[in-house]
Structure formats: structure tokens, C-alpha cells
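# Architecture and fold: a report
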Amino acid sequence: MRSSKTIHVISAHAEGEVGDVIVGGVTPPPGETLWEQSRWIAKDQTLRNFVLNEPRGGVFRHVNLLVPPKNPLADAAFIIMEPEDTPPMSGSNSICVSTVLLESGIIPMIEPVTELVLEAPGGLVKVRATCKNGKAEKISVQNLPSFAADLDVELEVDGLGTLRVDTAYGGDSFVIVDAEAMGLSLVAEEAHEIARLGVRITNAANEKLAFHHPDNPDWTHFSFCLFAGPVTRDGNELRAGAAVAIQPGKVDRSPTGTALSARMAVLHARGEMGLDDTLTAVSVIGSTFTGRIVSETTVGSRPAVVPEISGQAWITGIHQHMLDPTDPWPEGYRLSDTWGARGSD
């Protein structure tokens, strides 16, 4: 076999959402900070195209690049590549990365609990892994500070009329809509409709609303639409359905860790969730992440919370992605049947 490029990948999913991890074959990108490195990858596109585009990737895939940390407090660092974004943080991807690091032996596993610090492009996150017999059975990630932005704002969406939405940040940026008001039960059979509606709502939010992160002036758009199900309460245990539409048009198979963080920030801002509560988010495939608020803080002048999200990941394979020097599509391709009109070739 001939190959002008060989990239070593350990594949994994967190509660259903694919989060592959590049463990070799790629040199660290240029940049003095992890954020600068992630911006270089986002602008250059070469690595993103190679691992995310068909025939090696697909709209369902996220890929994480392990790099040496820039912060001396971190044990490892990772750059997240999603279908259309290279974001500050991702809950499901951080759970996949933690699991791969521990179960592959890159970082020694200590039973029953391994603690480590990961550096994401948006900052440091603390990880606590409950481990048994060589398996990371539960990963808890103390996420980036999260905040409610604008609550109960009107958003005009072509064909849908005027919606009332919340906006928030949970390590990534969200426009949040009431699933029941949209006539959605957040079940697997609705995935196509959720993806279609979510992209329209996200695009409308980016056209008509503003997002501002006080500490990250580069992040000025909404990445996702969260369809938030009604919250039920049993003592200090809250539970709700969650479905996140990801550009260019798919539904997160997991409950989405950054969405859970964003929703906890919104509930806290409304006085509906406190530090003694937990919130379990349920995805369209029935998988769950559980969140809690570790502490209150601020981001710039905004009230914020420090959330923790917990879930599990499973390794699904080991791959070597190769490039035959005669391949006429060295960076792959995207077609509108799965990638949507914005990603078509």
C-alpha cells in the first residue's frame, strides 16, 4: 500500500455521538496558544477536510487532535473539529478524549478514580474518571464557565413566524427553543425534522441576534440550536429531553454536554436550578448526561456558573487513515444529500 500521509486514530463515541481522537501522524499546528492553534486549523482546513470529509469522514463525525498542552497545569490538550466549526469546547468530545487517553494508556489509569486536567481551546477543564478493570466507567468534566445571555427574546424565522428563544454559552454558543412549543417530543423519529428546523433557527439567530463572549472576542456566532424539553423535578433531581441541531444539518446523538451546561446556566439565571440540584438530559436515542452546578462565578460582567457534566464513552476501533498519492480527491468531498446545500460540491 502506498501512502503519502498516514494518520492514526482511535475511534470512540460518548453516549452515541462520535468523537474520534487523532493520536499520531499529525504535527502540532502553529500558534502560541491552543486557541491560536485551533484558529490555524479552522482557517487552513487541510486536516479538517481530510478527516471530516468523505470518504474518510461524514457529517456524523467529530475528530479531536491531541497536541502538547500550552498551559503547564494541563496533562493533555485537544483541538476539536466538528462538521462546520472548530469550537472552544465540547462535552461529548472531552469525554471521548478522556476515555481514549486513559484506556489506551497515554495517561496512566488509576483505579478507582483518575483525575486529570485537559486543555481545550477555550480553557482548562478538570476531569474525574471513575475507573474499574481498565475501563473508564464514568467521566465527569468540570466545564468552562457558562452563562445565560439574552432570555425570552423574539426571533423571526422565515416560515415559522416569531419564536421566543433564549441564548446562552456552555463552552459553545446556543439559541434555545421550547421543544413543546415547536410540537416536538424529542424522539428518534423526529431527528430529520429537528435537524432541518434547527439549522433554520440557528441561521436566523446569526442573522438577527448577536452573540458576545466577554473573554473571547473571536466567538461571535451561534453554533447550535437546542430544542429543550420540559423539566420535571423529583426533589433535587431534574430531568429533561434535549436535542441539538448541528450545522450543516444533523442531530447530536448524545444529550450534548455544552448544551446541558448552557441550559443549567439558563435555569440558574431564572432561579429554577441551584447548587444542590442535578439535571439529567436525555437525547433522542435515550442516552443521558447528568449535570450539576459546581459554583457561581462571572464571565466579564455576566453572572455565570461553573458546570460539571458526566457521561460515558466507548472505544469503537483503531484506524489508520491513508492517502494514496494518486487519489484525485486528496481532501475528500462533500455532497448536498447529506451535508446540506451550504456544504455541497
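Note that the coordinates shown come from a computational prediction; the quantities given were computed from them, not determined experimentally.

### Observations regarding the packing of aromatic side chains
Summed over the entire model, instances satisfying the criterion amount to seven aromatic pairs. Each ring, one from W35 and one from W219, has its centre 6.0 Å from the other, and the planes form 75°; the classification is edge-to-face. Here W219 lies in the loop between α4 (191-208) and β13 (224-228) and W35 lies in helix α1 (residues 34-44), a separation of 184 residues in the sequence. Summarising the burial analysis for this pair, W35 and W219 share the class buried.

### Focus on the side chain of Q37
Structurally, Q37 is set in helix α1. If we ignore the near neighbours within four places in the chain, the residues touching Q37 are P28, P29, P30, G31, V67, K70 and I79.

### Things to note about the nonpolar core
Core analysis: the largest hydrophobic core is formed by 85 residues, its most contacted members being L118, I201 and F227. With 16 residues, the next largest nonpolar core counts V9, L65, V67 and A77 among its residues.

### Some details on the environment of G105
As for its placement among the helices and strands, G105 is situated in the loop between α3 (91-103) and β6 (113-120). A residue is classified by how much of its surface remains accessible, and G105, at 49% relative accessible area, is partly exposed.

### Looking at helix α5 (residues 257-269)
Counted at 1.5 Å a residue, the expected span for α5 with its 13 residues is 18 Å, and the 18 Å between its end C-alpha atoms agrees. Taken across its 13 residues, α5 has 11 buried, putting it largely inside the fold. Buried within α5 we find G257, T258, A259, L260, S261, A262, R263, M264, A265, V266 and L267. Immediately downstream of α5, the backbone of G271 shows phi near 75°, a positive value.

Rules and cut-offs
- Each chain carries its own residue numbering, running from 1 in the written order of its sequence.
- Local features in this predicted model are restricted to residues of pLDDT 70 or higher, and side-chain atom pairs are both shown and tallied only at a pLDDT of 80 or more, whereas totals for entire chains, interfaces and linings draw on every residue.
- As a rule here, side-chain values cover all heavy atoms of the structure and leave hydrogens and water aside.
- In this analysis, rings of Phe, Tyr and Trp, with Trp reduced to its six-membered ring, are considered paired at centre separations within 6.5 Å, and the interplanar angle assigns stacked below 30 degrees, edge-to-face beyond 60, and tilted for intermediate values.
- Helix and strand labels come from DSSP, where a helix needs a run of H or I of at least four residues and a strand needs a run of E of at least two; each type is numbered from the N terminus.
- For every residue, the accessible area obtained with a 1.4 Å probe (protein chains only) is divided by the maximum for its type, and the residue is called buried under 20%, exposed over 50%, and partly exposed between those limits.
- A contact between two residues is defined here by any heavy atoms of the two lying within 4.5 Å.
- We define the nonpolar core as a collection of buried residues of types Ala, Val, Leu, Ile, Met, Phe, Trp, Tyr and Cys that are connected through side-chain atoms lying within 4.5 Å of one another.
- By definition here, a helix of n residues has an expected span of 1.5 Å times n minus one.

Remember, this is a structural readout, not a statement about activity or role.
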